[in-house]
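# Observations on the model geometry
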Amino acid sequence: MPSERCLSIQEMLTGQRLCHSESHNDSVLAALNQQRSDGILCDVTLIAEEQKFHAHKAVLAACSDYFRAMFSLCMVESGADEVNLHGVTSVGLKQALEFAYTGQILLEPGVIQDVLAAGSHLQLLELLNLCSHYLIQELNSFNYLDLYRLADLFNLTLLEKAVVDFLVKHLSELLKSRPEDVLTLPYCLLQEVLKSDRLTSLSEEQIWQKCGIYAAFGALNSPLCSPLISLPSVSASREVVGTQLPLPAHGRAPAVHPLWPNGRGYSPYSCPVPPPRPGK
């Protein structure tokens, strides 16, 4: 019998395949986080409110444009062993580092504003995204205005949209249960709500009526409002005049505002019947 030639490993295999470890990424990040906790093999110490936190420049730069610029653009801090951070609290920085090294964070009312400030200052965009989702889940008829202010302050577009959608859906019931809150809505928020095609809980006349009340408090005294206000008939206008309006905190009726196309002013506190539209 002819002798059989032993095949090499290379000859026995037929192709190439990409092999992926399910645990490698997590185990490496977990090891780096353990090094951070133990204070070994770290190359930078971050300081906030005199509290020190060990970290790795490579990890920080990988998840934050702020740190990437700091450590790679020949800035003073790029070669420093310690970096003082201003504009973030120690609580916020601790939570931000926890997220950077684990990809998760425990959010609660007592820390959310510190985390938002840290995430915004350090440009941790994914952290801000998680904060937005947390706040959206907490959104209700008592806090929607405060959450909108947070969204505006930290440029949380997801949360802003959620507040608009919430108002579009619940504006009618809010006008009945908490009208004083609706009267304090920022103009830009009210504009987004009123121009929505999904605002079906109020008729056009009701929307106009509420705009008239809102305008009495000076909030809609802007040329940008004109596309939002469609003047109805005189009979519908009488409803505005007959509405009992709460006085502002200073106790005086607001000034007259030029809502009418013929230039005459109107205040629901003083004008007995607003002038009709031309041609009516």
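These figures come from a predicted structure and were not determined experimentally.

The next point concerns the pattern of salt bridges. The final tally for this structure, using the stated rule, is 8 salt bridges. Its salt-bridge partner being E82, residue K52 comes within 3.0 Å of it at the nearest N-O pair. Of this pair, K52 sits in strand β2 (residues 51–55) while E82 sits in strand β3 (residues 82–84); the two residues are 30 residues apart in sequence, bridging distant segments of the chain. K52 sits in the exposed class, given a relative accessible area of 52%.

For the rest of this paragraph, the subject is a nonpolar patch on the surface. A surface patch of nonpolar side chains, about 440 Å² in accessible area, is lined by L7, I9, M12 and L13. Residue position: L7 is located in the segment before α1 (9–12).

To continue, consider the pairing of β2. Both strand β1 (residues 44–48) and β2 contribute to a ladder of 5 bridges, which runs antiparallel. Residue pairing across strands places I47 opposite K52, the latter belonging to β2. The antiparallel pairing of β1 with β2 creates a hairpin that spans 2 residues between the two strands, and E49 there sits at a positive phi of about 50°.

Where empty space is left becomes clear once a probe the size of a water molecule has been rolled over the atoms. As enumerated under the stated definition, the model contains 2 cavities of 30 Å³ or more in all. Of all the secondary-structure elements, those providing two or more residues to the lining of the largest cavity are α3 (57–63) and α5 (90–102). Here the lining of the largest cavity takes 4 residues from α5, the largest share from any one element. Split by residue class, the lining of the largest cavity holds 10 nonpolar, no polar and no charged.

In this section: the packing of helix α7 (residues 125–138) against helix α9 (residues 157–177). The contact between α7 and α9 brings their axes to 8 Å, and the two run at 20°. When the interaxial angle is binned, α7 and α9 end up roughly parallel. Here the hand of the crossing between α7 and α9 comes out right-handed. Contacts from N129, S132, H133, L135 and I136 in α7 reach L158, L159 and A162 in α9. For the contact of α7 with α9, the residue count by class is 5 nonpolar, 3 polar and no charged.

Here we come to the sheet that holds β3. The strand order across the open sheet formed by 3 strands is β2-β1-β3, and the pairing between neighbours is mixed. Each having just a single partner strand, β2 and β3 make up the two edges of the open sheet. The sheet shows a mean angle of 25° between the axes of neighbouring strands, taken without regard to direction.

Let us now look at the side chain of Q35. Here Q35 is to be found in helix α2 (residues 24–38). Polar contacts involving the side chain of Q35 include one to the side chain of H56, which spans 3.1 Å. For Q35, the contacting residues outside a window of four places in its chain are I40, L41, C42 and H56.

This part is about the nonpolar core. With 59 residues, the main nonpolar core has L46, L85, L116, L135 and Y144 as its most contacted residues. With 10 residues, α9 is the single largest residue contributor to this core. The residues contacting Y144, other than those within four sequence positions of it, are L139, V163, F166, L167, L174, D181, V182 and L185.

Bringing unusual backbone geometry into the picture now. As a rule of thumb, non-glycine residues mostly have phi less than zero, and peptide bonds are mostly trans rather than cis. Positive phi, close to 60°, is recorded for L41, a residue that is not glycine. Relative to the assigned elements, L41 resides in the loop between α2 and β1. For L41, a relative accessible area of 68% translates into the label exposed. The phi angle at E49 is positive, at roughly 50°, despite the residue not being glycine. Classification of E49 by relative accessible area gives exposed; the value is 53%.

Put simply, α2 and α5 touch, their axes get as near as 8 Å, and they point 145° apart. Within the contact between the two elements, α2 uses L29, L32, N33 and R36 and α5 uses L97, E98, A100, Y101 and T102. Here the residues of the contact of α2 with α5 are counted per class, giving 5 nonpolar, 2 polar and 2 charged.

About the cut-offs
Residues numbered from 1 in each chain as written. Predicted model: local features only at pLDDT ≥ 70, side-chain atom pairs only at ≥ 80, totals over all residues. Heavy atoms only, no water. Salt bridge = Lys/Arg side-chain N within 4 Å of Asp/Glu carboxyl O. Helix = DSSP H or I, 4+ residues; strand = E, 2+ residues; numbered from the N terminus. Buried < 20%, exposed > 50% of the residue type's maximum accessible area, 1.4 Å probe, protein only. Patch = residues over 30% accessible without salt bridge, like charges linked within 9 Å, V, L, I, M, F, W, Y side chains within 5 Å. Areas by Shrake-Rupley, 256 points an atom, 1.4 Å probe, with all protein chains shown as cover. Pairing = 2+ DSSP bridges. 1 Å grid on protein atoms, 1.4 Å probe; cavity = no way out; pocket = protein on both sides within 12 Å on 5 of 7 lines; lining within 4 Å. Points joined across faces, edges and corners; volume = space filled by probe spheres on them. Nonpolar A, V, L, I, M, F, W, Y, C, P; charged D, E, K, R; others polar. Axes fitted to C-alpha atoms, helices over the stretch in contact; angles between N-to-C directions. Parallel < 35°, antiparallel > 145°, perpendicular 65-115°, else oblique. Left-handed = near helix turned anticlockwise from the far one by under 90°. Contact = heavy atoms within 4.5 Å. Polar contact = N/O pair within 3.5 Å; in protein donor to acceptor, adjacent residues only side chain to side chain. Core = buried A, V, L, I, M, F, W, Y, C linked by side-chain atoms within 4.5 Å.

Geometry only, nothing functional implied.
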